[in-house]
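What the coordinates show
Now for the letters of each chain:
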Amino acid sequence: MPELPEIETIKRELAKALVDKTIKQVKTTWPKMVLPLSPQTFAEKLVGQKIKSVERRAKMLFIHFNNDTLLAIHLKMTGQLIYQRSQGLIVGGHPQKNGLVNLPNNYTRAIFTFTDGSVLYFNDLRKFGWLKHLPHTDLHLLTARSGVEPLTRDFSLALFKSLLTRYPKRPIKTFLLDQTLIAGLGNIYVDEACFLSHILPTRLTNSLSEKEITNLHKNIISVLKLSIQKKGTSTRNYVRADGQPGGFVPHLMVYGRAKLPCKICRTPIAKIRFHGRGTHFCRKCQK
DNA sequence: GTGTTTGTTATCAA
DNA sequence: CTTGATAACAAACA
């Protein structure tokens, strides 16, 4: 559920908080999370490292250290990264708990303590997320298969068109979810971009008109930008680095709105299972 | 007990 | 090579 805007939000918040801090201690539970290293080796590699920068590529976060190594993080479905100035009780506003999240809690899988006493918690209910320590020279192994970043100049209309032409028979939703083509879109923003473009998610790419393609390209960019501005969509697990929910939910037009009236035409929003995902759309607004 | 939630990769089939 | 389907990972929640 964290998609590009959510990871970008966390990246910006962690960059502010973590740059120039030095790791003092690392604790992990769930050994699978740090494979291929053992939890012990993982901790040894990190302790003493000073953070140079925090970056994002696709849905991955990279915490770069001064010794030309980095920590790569993927939150997958339910990962959270929460930073606190000092170890303690605090808490954020978990979207579903209407209140407080104790840290650490049952789902805390890693705790990074810094020399100034601040702490970074990695929580992951479903344990799909991972942490990898690697030399900078190996970074390409993780990013090689990621497609174009949709918020860079590289994501031109011309490129979008050429990708669509290359995969003419895919439903547009399947196409947009393919991380090797465009990086960072997930179920939420694909459904939203299709709605904003008046296109049914099931339409084949080769059925889109010139005008629809131009519109879709524009809407992919604008919905991602607006969500970043609102600091992401908190429906289930996602929270920002300070533990607070993002503010994009009120802007959602279809995702999570099954049976609720369309914000444009009042027709109840339809929800089907497509491409193995919950897929939301308006039968009247999208053709 | 059942269905739902979904990011990513692997594998098999046509 | 394209595409589609399914499983695996794992756990909570209604």
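Rules used throughout
Residues numbered from 1 in each chain as written. Chains lettered and ligands numbered in written order. Predicted model: local features only at pLDDT ≥ 70, side-chain atom pairs only at ≥ 80, totals over all residues. Heavy atoms only, no water. Phe/Tyr/Trp six-rings, centres within 6.5 Å; stacked < 30°, edge-to-face > 60°. Lys NZ or Arg CZ within 6 Å of the ring centre and 35° of its normal. Axes fitted to C-alpha atoms, helices over the stretch in contact; angles between N-to-C directions. Helix = DSSP H or I, 4+ residues; strand = E, 2+ residues; numbered from the N terminus. Parallel < 35°, antiparallel > 145°, perpendicular 65-115°, else oblique. Left-handed = near helix turned anticlockwise from the far one by under 90°. Contact = heavy atoms within 4.5 Å. Nonpolar A, V, L, I, M, F, W, Y, C, P; charged D, E, K, R; others polar. Expected span 1.5 Å × (residues − 1). Buried < 20%, exposed > 50% of the residue type's maximum accessible area, 1.4 Å probe, protein only. Near = heavy atom within 4 Å. Polar contact = N/O pair within 3.5 Å; in protein donor to acceptor, adjacent residues only side chain to side chain. Domains from an automatic or database assignment. Buried area = accessible area lost by both parts, 1.4 Å probe. Salt bridge = Lys/Arg side-chain N within 4 Å of Asp/Glu carboxyl O. Pairing = 2+ DSSP bridges.

Let us look at the packing of aromatic side chains. Counting across every chain of the model gives three aromatic pairs. Geometrically, the ring pair formed by Phe155 and Phe160 is edge-to-face, given 5.5 Å between the ring centres and 70° between the ring planes. Clustering of aromatic rings is evident, with ring pairs tying together Phe155, Phe160 and Phe175. Over the face of the ring belonging to Trp30 we find Lys127, whose NZ or CZ atom lies 3.7 Å from the ring centre.

Another point: the packing of helix α1 (residues 4-18) against helix α7 (residues 210-229). Interaxial distance between α1 and α7 falls to 9 Å at its minimum, and their mutual angle equals 40°. It follows that α1 is oblique to α7 by the angle criterion. Regarding α1 and α7, the two cross each other, and that crossing is right-handed. In this structure, α1 contributes Leu4, Pro5, Glu6, Glu8, Thr9 and Arg12 to the contact, and α7 contributes Leu224, Ser227 and Ile228. Each residue belonging to the contact of α1 with α7 can be placed in one class, and the counts come to four nonpolar, two polar and three charged.

Along its 20 residues, α7 runs 29 Å from first to last C-alpha, staying within 8% of the 28 Å computed at 1.5 Å per residue. Of all the positions in α7, only Glu212, Ile213, Leu216, His217, Asn219, Ile220, Ile221, Val223, Leu224, Ser227 and Ile228 are classed as buried. Lys231 sits one or two positions beyond α7 and adopts a positive phi of about 70°.

Before going further, it helps to examine the protein's contact with DNA strand C. By nearness alone, every residue bordering DNA strand C is listed as Trp30, Lys32, Tyr107, Leu125, Arg126, Lys127, Phe128, Tyr167, Pro168, Lys169, Arg170 and Pro171. Counted by atom, the contact set of DNA strand C within 4 Å of the protein is 62% sugar and phosphate. Note that a phosphate oxygen of DNA strand C is positioned 3.0 Å from one of the side-chain N or O atoms of Lys32. Here a phosphate oxygen of DNA strand C and a side-chain polar atom of Arg170 are 3.2 Å apart. Classifying every residue of the surface near DNA strand C by side-chain character gives seven nonpolar, no polar and five charged.

Moving on, we get to the protein's contact with DNA strand B. Taken together, the neighbourhood of DNA strand B is formed by 17 residues, with His74, Met77, Tyr255, Lys271 and Arg273 sitting nearest. A share of 62% is what sugar and phosphate atoms reach among the atoms of DNA strand B within 4 Å of the protein. Between DNA strand B and Asn187, the relevant distance is 3.2 Å, taken from a phosphate oxygen to a side-chain nitrogen or oxygen of the residue. Side-chain polar atom of Arg277 to a phosphate oxygen of DNA strand B: 2.5 Å apart, as the coordinates give it. Residue composition of the surface near DNA strand B, by class: four nonpolar, five polar and eight charged.

In many analyses, interface size is given as the accessible surface area lost on bringing the parts together. As far as domains go, chain A holds domain 1 (4-143) and domain 2 (157-281). Computed from C-alpha atoms alone, the centre-to-centre distance between domain 1 and domain 2 is 28 Å. Domain 1 puts 24 residues into the contact, and the matching count from domain 2 is 24 residues. Buried area between domain 1 and domain 2, summed over both chains or domains, comes out near 2000 Å², and the portion from carbon and sulfur atoms is 59%. Across the contact surface, domain 1 and domain 2 share one salt bridge. As a salt-bridge pair, Glu13 and Arg240 come within 2.9 Å of each other at their nearest N and O atoms. Taken together, the connections running from domain 1 to domain 2 amount to eight residue pairs in polar contact (both at pLDDT 80 or more). Sorting the residues of the side of domain 1 that touches domain 2 by element identifies α1 and β5 (79-84) as the ones contributing at least two each. Element by element, the count of residues in the side of domain 1 that touches domain 2 is highest for α1, at nine residues.

A separate point is the sheet that holds strand β7 (residues 119-124). Taken in spatial order, the four strands line up as β1-β6-β7-β5 in an open sheet, and their pairing is antiparallel. Across the chains shown, the open sheet's two edge strands, defined by having one partner strand only, are β1 (23-28) and β5. Going from strand to strand, the sheet's axes swing by 15° on average, the running direction of each strand aside. Taken together, the five bridges between β1 and strand β6 (residues 108-114) define a ladder with antiparallel strand orientation. By the bridge assignment, Lys27 is partnered in β6 with Ile111. Sitting on the sheet, α1 touches β5, β6 and β7, and the angle it makes with β5 is about 30°. Each of β1 and β6 is contacted by helix α2 (residues 39-46), which is oriented at about 165° to β1, the strand it contacts most.

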